[in-house]
Amino acid sequence: MKLRAPRSILIGSGVLGGIAVLPIVARAQNSTASTSSNADYEPLGIDGSGTTNPSKCFWHIMSKFNEQIKLPTQFSYRAVGSGTGIKEFLGKGIEIDGVESDTYLPYNDFGSGDIPISAEDRSDASSRGIEFVQLPFALSAVSFFHSVPGVPSGEMGLNMTACLLARIFNANITTWDDPEILDVNPGLVVERDYPIYVARRILGSSSTYSVTNYLRAQCPDGWSEDMTGSEIEWHPSTNGCDGSDLMTNCINENEGAIGYLDAAHGHEELLTEISLRNGDGRFLTSVSAGVEGVQAAVDLALVPTSADEDFSKPGSNTWPITLVSYVYIRKDLSFIKNPARRTLLKAFATALFDPDYIGLCDRYGIVPAPLALKQLSIVGLEMLELDASASDDWSFEKDTMPGVGQGDYVISSRRQNFGLYEADRLADDLAPLIEEVRQLKLELASLKASAYSASGIAVGGSAAASLVIGLVVLAGMAVVN
């Protein structure tokens with residue numbers, strides 16, 4: 001299958017708006033299907049920026065491309081959040097000499113976000129002759145996590161409704177022993193007035209966009225319209241945490257904390273997930289919802305019929321909070337000087353809908369887009385204006401093609417790198433061990449919860465009481481072993 005390449009941005013070297021931008025140098029001379037390996041090459045590559053949620057997925061697929069392409073290539077993706085990715089894609093809100101400016105120039109080859117570009121931004125870009133496609137390529141769950149000691153995840157864990165969460169994040173509920181919390185968690189035993197540490201994201205965050213829209217949709221009387229979006233004015237008592245890694249730290253390092261982030265990241269860090277009540281009244285975690293529950297959250301009736309239309313419409317939820325991840329690409333790719341880089345971008349974007357590539361991302365909690373979204377995106381890729389000759393097209397070698405597979409512009413699954421091969425093998429070997437550690441952590445939390453319940457000592461009690469609980473848990477573990 002022959003593929004044309006999408007656009008990339010050639011910015012040059014230096015520091016732009018406080019962000020270091022690495023030069024991407026295009027190949028000096030276009031190649032035909034030559035098999036010569038001693039031609040004078042310079043690296044080809046593409047750069048993206050945006051949401052952190054599928055960043056590991058992008059990095060893995062980019063590494064695969066580096067492995068499978070004969071020519072020198074350099075791919076990069078900056079995980080800076082959906083808001084920044086959209087700003088750099090549209091050239092809006094760019095910091096120049098300390099002042100935010102709208103240049104309308106592309107600062108990345110492609111942007112990515114877990115939110116669609118707003119109708120206002122889309123109209124503004126269109127009025128300046130900037131047309132683009134939004135390609136929904138993956139789904140993922142966002143969830144809430146906590147660090148209340150002795151409370152496991154799952155059926156024995158902490159339950160929350162949207163309205164409870166709204167009251168917590170609005171600081172109307174500030175302690176874990178609040179009667180409204182205990183009403184849906186009758187087995188929860190905590191010290192009187194045990195404080196809630198509320199952690200939330202800062203800057204433009206797609207997870208903030210998703211949870212605030214969830215709270216508005218599921219609890220309209222408790223969460224106002226002006227409190228929805230990727231960046232909002234939070235209650236001053238809440239605590240800002242920049243990015244998924246710092247959100248993890250905020251939860252882990254503060255006893256009695258609650259926060260939100262993409263579920264896969266939370267589980268990778270062995271955080272304890274809260275069970276949310278969905279539309280059917282069931283309390284479930286993203287794990288118990290499974291792939292089907294995540295996919296069921298996409299209301300296909302609200303999906304546009306074309307990738308260059310407005311995606312910024314509300315949707316319904318099955319797993320209560322599901323993100324749709326998009327890649328944004330400008331239709332006019334003439335800002336990318338080398339046509340082989342334009343076609344390489346299209347090849348990379350096409351791989352996001354190929355099971356051989358997007359399937360690599362299962363381990364990161366990424367669910368492939370449903371068929372309807374996949375078909376819409378593939379049609380959208382054909383809207384790209386490549387202005388490239390057939391000699392600049394890239395193709396994929398899935399089955400061995402003697403001679404052809406050695407072409408300069410062939411992405412060959414037969415070509416591998418031992419480092420990536422070994423990393424994939426080790427990751428597969430570690431997966432069951434990580435799951436075993438997660439299960440042991442859940443068992444430990446369950447033992448703690450049982451010990452608290454049996455002793456009548458509340459979570460958050462004195463140090464002496466905690467010592468007693470520790471001894472009880474150790475005794476329980478000895479019995480289990």
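Residues numbered from 1 in each chain as written. Predicted model: local features only at pLDDT ≥ 70, side-chain atom pairs only at ≥ 80, totals over all residues. Heavy atoms only, no water.

1. Things to note about the overall build of the chain
The helix and strand inventory of the chain stands at 14 helices and 20 strands. Counting over 481 residues, the chain shows a buried share of 52%. Considering only intrachain contacts with a sequence separation of at least 6, the fraction spanning at least 24 residues in the chain is 75%. (Helix = DSSP H or I, 4+ residues; strand = E, 2+ residues; numbered from the N terminus. Buried < 20%, exposed > 50% of the residue type's maximum accessible area, 1.4 Å probe, protein only. Contact = heavy atoms within 4.5 Å.)

2. Points about the environment of Val190
If you trace the backbone, Val190 turns up in the loop between α5 (179-184) and β11 (197-201). Look at Val190 and you get buried, because its relative accessible area is 11%. Between the C-alpha atom of Val190 and that of Asp177, which follows or precedes it by 13 residues, the distance is 6.3 Å.

3. Some points on the packing of helix α4 (residues 162-169) against helix α6 (residues 206-218)
Between α4 and α6, the shortest axis-to-axis distance is 9 Å and the interhelical angle comes to 120°. Between α4 and α6, the angle falls in the class oblique. Crossing angle aside, the handedness with which α4 passes α6 is left-handed. Residues Ala162, Cys163, Leu165 and Ala166 of α4 form the contact with α6, whose participating residues are Tyr214, Leu215 and Gln218. A per-class count over the contact of α4 with α6 returns six nonpolar, one polar and no charged. (Axes fitted to C-alpha atoms, helices over the stretch in contact; angles between N-to-C directions. Parallel < 35°, antiparallel > 145°, perpendicular 65-115°, else oblique. Left-handed = near helix turned anticlockwise from the far one by under 90°. Nonpolar A, V, L, I, M, F, W, Y, C, P; charged D, E, K, R; others polar.)

4. Points about the nonpolar core
Considering soluble globular proteins, one finds that nonpolar side chains tend to be buried as a cluster. Judged by nonpolar contacts, the single largest core of 58 residues is most densely connected at Phe144, Met160, Phe169 and Trp176. Breaking this core down by element, the ones donating at least two residues are α2 (82-90), β9 (132-146), α4, α5, α6, β13 (257-262), α9 (286-295) and β17 (322-330). Excluding residues that lie within four positions of it along the chain, Phe169 makes contacts with Phe144, Val198, Ala199, Arg200, Trp223, Trp234, His235, Thr238, Ile258 and Tyr260. Of all hydrophobic cores here, the second largest spans 45 residues; its members include Phe58, Val327, Ile329 and Ala349. (Core = buried A, V, L, I, M, F, W, Y, C linked by side-chain atoms within 4.5 Å.)

5. Considerations on the packing of aromatic side chains
Given two aromatic rings, their pairing is described by the distance between the two centres and the angle made by the two planes. Using the criterion set out here, one finds 22 aromatic pairs in the structure. On the numbers, 5.6 Å between centres and 35° between planes, the contact of Phe110 with Phe348 is tilted. One end of the pair, Phe110, is in strand β8 (residues 110-113); the other, Phe348, is in helix α10 (residues 339-351), with 238 residues separating them in the sequence. When the ring of Tyr326 is compared with that of Tyr328, the centres are 6.5 Å apart and the planes differ by 15°; the resulting orientation is stacked. A relative accessible area of 7% means that Tyr326 is categorised as buried. An aromatic cluster of three or more residues is present, and its members are Phe58, Phe65, Phe75, Tyr77, Phe110, Phe137, Phe348, Tyr357 and Phe396. Positioned above the aromatic ring of Phe89 is the side chain of Arg330, whose terminal nitrogen or guanidinium carbon lies 5.8 Å from the ring centre. (Phe/Tyr/Trp six-rings, centres within 6.5 Å; stacked < 30°, edge-to-face > 60°. Lys NZ or Arg CZ within 6 Å of the ring centre and 35° of its normal.)

6. Remarks on the sheet that holds strand β15 (residues 275-277)
In sheet architecture, strand pairing relies on hydrogen bonds along the backbone and comes in two forms, parallel and antiparallel. Taken together, three strands build an open sheet; the order of strands is β10-β15-β16 and the sheet is mixed. Two strands lie at the open edges of the sheet, namely β10 (159-160) and β16 (283-284), each paired on one side alone. Pairing of β15 with β16 involves two bridges; the strand directions are antiparallel. By the bridge assignment for β16, Leu276 is matched with Leu284. (Pairing = 2+ DSSP bridges.)

7. Some thoughts on the confidence of the model for the chain
Across the chain, pLDDT averages 81, with 77% of residues at or above 70. With pLDDT under 50 throughout, residues 1-41 is counted as low confidence; its partners more than four residues away or in other chains account for 139 contacts. Contacts for the low-pLDDT stretch residues 313-317, under 50 throughout, to residues beyond four places or in other chains number seven contacts. (pLDDT = per-residue confidence, 0-100.)

8. Section: the state of the cysteines
The final tally for this structure, using the stated rule, is three disulfides. Disulfide partners in the chain, listed by the sequence order of the bonded cysteines, are 1-6, 2-3, 4-5. (Disulfide = S-S within 2.5 Å.)

9. Quick notes on the side chain of Arg200
Among the secondary structure elements, Arg200 is positioned in strand β11. We note that Arg200 is buried and unpaired, the nearest opposite charge coming from Glu233 at a distance of 7.7 Å. A distance of 3.1 Å separates a polar atom in the side chain of Arg200 from a polar atom in the side chain of Thr238. Setting aside chain neighbours within four positions, we find Arg200 in contact with Phe169, Trp234, Thr238, Asn239, Gly240, Cys241, Met247 and Tyr260. (Lys, Arg positive; Asp, Glu negative; His and termini not counted. Salt bridge = Lys/Arg side-chain N within 4 Å of Asp/Glu carboxyl O. Polar contact = N/O pair within 3.5 Å; in protein donor to acceptor, adjacent residues only side chain to side chain.)

10. Focus on the environment of Glu88
In this structure, Glu88 sits in helix α2. The spacing of Glu88 and Tyr104 is 16 residues in sequence and 8.8 Å in space, taken between C-alpha atoms. Within the local environment of Glu88, its side chain forms a polar contact with the side chain of Arg78, the two groups lying 2.8 Å apart.

11. Here's the deal with the pattern of salt bridges
One side chain can pair with another of opposite charge once the charged atoms of both are near each other. Per the stated rule, a full pass over the model turns up 14 salt bridges. Of the charged contacts, one joins Glu67 and Lys64 as a salt bridge, the two residues approaching to 3.0 Å between their closest N and O atoms. Placement of both Glu67 and Lys64 in helix α1 (residues 55-68) is noted, with a separation of three residues, approximately one turn of the helix. Of the two residues examined, Glu67 and Lys64, each falls in the buried class. Salt-bridge contacts for Lys70 lead to Asp408; the nearest nitrogen and oxygen are separated by 3.2 Å.

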